[in-house]
Amino acid sequence: MSYEKVKQAKETIIGTKQAVKAMKKGLVNEVYIALDVEERIIELARQTAVENNVSINYVESKVDLGKACGLRLAASVVAITV
């Protein structure tokens, strides 16, 4: 489970709410979801991705996902835009 694609992405959307909005608008190519997050937090993002045919990638750590985005904070969901 590599974080390299997130690091190399030109534009990302960080956070569950923002990623869900972007997926509904058709702006997202793929989404990264951390597995160490409570199910209730990520379920909407997963469901929206499936409904909008967005590729889902799972990563192990929300802290490492946040770091891959250049944040000092954790990130549960990160979307890569089209």
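Everything that follows concerns the structure shown earlier in this document.
Residues numbered from 1 in each chain as written. Predicted model: local features only at pLDDT ≥ 70, side-chain atom pairs only at ≥ 80, totals over all residues. Heavy atoms only, no water.

Comments concerning the overall build of the protein chain
Here comes step 1: Of regular secondary structure, the protein chain possesses 4 helices and 4 strands.
Here comes step 2: Against the compact-globule benchmark of 12 Å for 82 residues, the protein chain has a radius of gyration of 11 Å, which places it among compact chains.
Here comes step 3: Sequence separation of at least 24 residues holds for 77% of the intrachain contacts in the protein chain that already meet a minimum separation of 6.
Here comes step 4: Of the accessible surface of the protein chain, which amounts to about 5,100 Å², a share of 49% is contributed by carbon and sulfur atoms.
Here comes step 5: One finds the centroid of the 12 positive side-chain charges in the protein chain at a distance of 7 Å from the centroid of its 10 negative side-chain charges. (Helix = DSSP H or I, 4+ residues; strand = E, 2+ residues; numbered from the N terminus. Rg over C-alpha atoms; globule rule 2.2 N^0.38 Å. Contact = heavy atoms within 4.5 Å. Areas by Shrake-Rupley, 256 points an atom, 1.4 Å probe, with all protein chains shown as cover. Lys, Arg positive; Asp, Glu negative; His and termini not counted. Charge placed at Lys NZ, Arg CZ, Asp CG, Glu CD.)

Details of unusual backbone geometry
Here comes step 1: If you check the backbone angles, N53 has positive phi at about 55° while not being a glycine.
Here comes step 2: Mapped onto the fold, N53 is located in the loop between α3 (39–51) and β3 (55–59).

Describing the packing of helix α2 (residues 16–24) against α3
Here comes step 1: Relative to each other, α2 and α3 sit at 15°, their axes nearing to 9 Å. Between α2 and α3, the angle falls in the class roughly parallel. Regarding α2 and α3, the two cross each other, and that crossing is left-handed. Contact residues: T16, V20, M23 and K24 in α2; I41, L44, A45, T48 and A49 in α3.
Here comes step 2: A per-class count over the contact of α2 with α3 returns 6 nonpolar, 2 polar and 1 charged. (Axes fitted to C-alpha atoms, helices over the stretch in contact; angles between N-to-C directions. Parallel < 35°, antiparallel > 145°, perpendicular 65-115°, else oblique. Left-handed = near helix turned anticlockwise from the far one by under 90°. Nonpolar A, V, L, I, M, F, W, Y, C, P; charged D, E, K, R; others polar.)

Keep in mind these numbers describe shape, not what the thing actually does.
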